[in-house]
Amino acid sequence: MVRRRSRLSRSQDFQRVYRAGRSVANRYMVLYFFPQAADQAQKETSAGAQTARVGFSVSKRLGSSVTRNKVKRLLRESFRSLEGVIKPGFDLVFIARTDLGPLVEERGLEGVRGKMVEVLRKGSLWSEEGDGRL
RNA sequence: AGAGCAGCCCGGGCAGCCGCGGCGGGGAACGGGAAACCGUCCGCCCGUCGAGGAAAGUCCGGACACCGUAGAGCAGGGUGCUGGAUAACGUCCAGCGGGGGAAACCCUAGGGAAAGUGCCACAGAAAUGACACAGCCGCGGCCGGCAACGGACGUUGGCAACGGUGAAAUGGUGCGGCAAGAGCGCACCGGCGCCACGGUGACGUGGCGGCCAGGUAAACCCCACCCGGUGCAAGGCCCAGAAGGGGGCGUCUGAGGGUUGCUCGCCCGAAGCUCCCGGGUUGGCCGCAGGAGGCGUGCGGCAACGCAGGCCCCAGAUGGAUGGCUGCCCACGACAGAAUCCGGCUUACAGGGCUGCUACUGCG
RNA sequence: UGCCCCGUGGUGUAACGGCAGCACGACUGACUCUGGAUCAGUUAGUCGAGGUUCGAAUCCUUGCGGGGCAG
């Protein structure tokens, strides 16, 4: 899980990222991203560390609540392991597509993580020091 | 041991590391204060708790909350053998009747068809005020024949057994009886009514009478009992924001509204109400988890369950927490994720364990 | 989360409890040099499982699938 402070928690936040942000995608997921709002960035800098905030969207098309939870947990776990190497100061929304369900069943965390890295590279959200750490 | 039946229980385990949510404590920061201390907040540390037997479907029943009162009648909905259990139920327990099975046992919406109405396709003479198609018997004359008898015809005579139809045709089988027949008589069976006995009762057993009564009420309906409506997005509090314009009716001779669909009744309304257009609201807190609560003990009861006292506290999120990795073991892990709570029902489910019972076979 | 509604061939729709029809489509054949149009024929359905009834698309119970409303 990601800490609460680093989660998108309002429908407003989601709407802003969808409307104003850019999107990149592959077969398994869509990523929307947008620079954080000014007041939010202000607070972050005053607190010291600037981090990305993230939200996940898994619709009922993926299956029952059990499979949806499974998908969401693997997305969170993938993000957690990649958090340090993502460019700071962005709000991110990951949307699971229908093909992600079978991927979770067959490949597990490793598969989801790989596809997330792919999407982040497409969106140029990969920070330079990230390459060294991977 | 194999086969079957019923009931109950479990739903991967252990260890390590990283991560998440609630609660408690520590610590830090900020604010207030002279201080003690108080409040707010957290990205750090420690402790502790953290999905299910179905959390599911939303099919029933409640708790709880609100609705200017929830009252009457009609309408509407539900339930339907008997007795009990329960907060309540369409649930559960114990029985009764019916059906199935060799048995253990299983299934059963199972009140009323002599209150009324409707329907019973096709076939069949006829489908419910059943009354007759083919036919059987009697009687009458005619024809054939020596006769017995046969044939066709007539009949304001008798009959309903036999034939064919159908899911179903005024009970079934046998004997007697008769011109032919028929509960016409008798025996047994089935159904109905009355009486006696047993049982709280559904009902059972026995006796007597007599043959009158098609099915369908998960068709309308009748009878008995039950049901106010809306649902935690209920509802309450705090903060913030907002813009008004036009029309209609009325100010005690009362507009308008609420009350379940209608009617009545009741209530609100001494001044506003209502319609149209336009504008604002997608913040926070409470409700929210100590309950018809679990576990074991004793007593009462066949049981469901009740009573008494003991121990325990066991999720509480709000874009919504249980995940990832590693090792070991095994039966190699199914169906599946809380969102106000509880009691049931139904449906899905890898596999495993325990107890009791039934008939047969094998072994001792 | 709560409440409400619907389900008939591939599609759109009918059917007092009594043989499941109709239109479009698809396929085959005829007509034509070929296609279209036309004509003839064929295909294929009551969402699943139980129950009531002599008999169920219809009535009852239960499941499945789809849709709508409420901040």
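Computed from a predicted structure; not experimentally measured. (Residues numbered from 1 in each chain as written. Chains lettered and ligands numbered in written order. Predicted model: local features only at pLDDT ≥ 70, side-chain atom pairs only at ≥ 80, totals over all residues. Heavy atoms only, no water.)

**Looking at the packing of helix H3 (residues 65-82) against helix H4 (residues 100-122)**
At step 1: The contact between H3 and H4 brings their axes to 9 Å, and the two run at 35 degrees. Helix-helix and strand crossings are classified by hand; for H3 and H4 the assignment is right-handed. Where H3 abuts H4, its residues Lys70, Val71, Leu74, Leu75, Glu77, Ser78, Phe79, Ser81 and Leu82 lie against Leu100, Gly101, Val104, Gly108, Leu109, Val112, Arg113, Met116, Val117 and Leu120.
At step 2: Here the contact of H3 with H4 is composed, by residue class, of 12 nonpolar, 4 polar and 3 charged. (Axes fitted to C-alpha atoms, helices over the stretch in contact; angles between N-to-C directions. Helix = DSSP H or I, 4+ residues; strand = E, 2+ residues; numbered from the N terminus. Left-handed = near helix turned anticlockwise from the far one by under 90°. Contact = heavy atoms within 4.5 Å. Nonpolar A, V, L, I, M, F, W, Y, C, P; charged D, E, K, R; others polar.)

**Some remarks on the side chain of Asp91**
At step 1: For Asp91, the position within the fold is in strand E4 (residues 90-96).
At step 2: With relative accessibility at 0%, the residue Asp91 sits in the buried group.
At step 3: For Asp91, the side chain forms a polar contact with the side chain of Arg53, separated by 3.0 Å. (Buried < 20%, exposed > 50% of the residue type's maximum accessible area, 1.4 Å probe, protein only. Polar contact = N/O pair within 3.5 Å; in protein donor to acceptor, adjacent residues only side chain to side chain.)

**Considering the pattern of salt bridges**
At step 1: According to the stated counting rule, one finds 4 salt bridges in the structure shown.
At step 2: The partner of Asp99 in a salt bridge is Arg27, and the shortest N-O contact between them spans 3.0 Å. Residue Asp99 is located in the loop between E4 and H4, and its partner Arg27 is located in the loop between strand E1 (22-25) and strand E2 (29-35); the two are separated by 72 residues in the primary sequence.
At step 3: The class of Arg27 is exposed, set by a relative accessible area of 55%.
At step 4: A salt bridge links Lys115 to Glu118, with the shortest nitrogen-to-oxygen separation between them at 3.6 Å. (Salt bridge = Lys/Arg side-chain N within 4 Å of Asp/Glu carboxyl O.)

**Brief notes about the environment of Gly55**
At step 1: Position of Gly55 relative to the elements: it lies in strand E3 (residues 53-57).
At step 2: For the pair Gly55 and Asp13, spaced 42 residues apart in sequence, the C-alpha to C-alpha distance is 9.4 Å.

**A short note on the pairing of E4**
At step 1: For E4, the tally of buried residues reaches 6 of 7 residues, placing the bulk of the element in the interior.
At step 2: Where E2 lies against E4, 7 bridges are found, and the strand directions are antiparallel. Along E4, the bridge assignment pairs Val30 with Ile95. (Pairing = 2+ DSSP bridges.)

**A word on the environment of Asp13**
At step 1: Relative to the helices and strands, Asp13 is located in helix H1 (residues 11-20).
At step 2: Taking the relative accessible area as the measure of exposure, Asp13 reaches 11% and is therefore buried.

**A word on the confidence of the model for chain A**
At step 1: Looking at chain A as a whole, its pLDDT mean stands at 76, while 75% of the residues score no less than 70.
At step 2: No element of chain A has a lower mean pLDDT than helix H2 (residues 38-47), which averages 41, and none a higher one than E1, which averages 89.
At step 3: pLDDT under 50 marks residues 38-49. Its contacts with residues more than four places away, or in other chains, come to 6 contacts.
At step 4: Between residues 130-134, whose pLDDT stays under 50, and residues either more than four places distant or in other chains, the model counts 8 contacts.
At step 5: The complex model carries a pTM of 0.78, and its ipTM stands at 0.78. (pLDDT = per-residue confidence, 0-100.)

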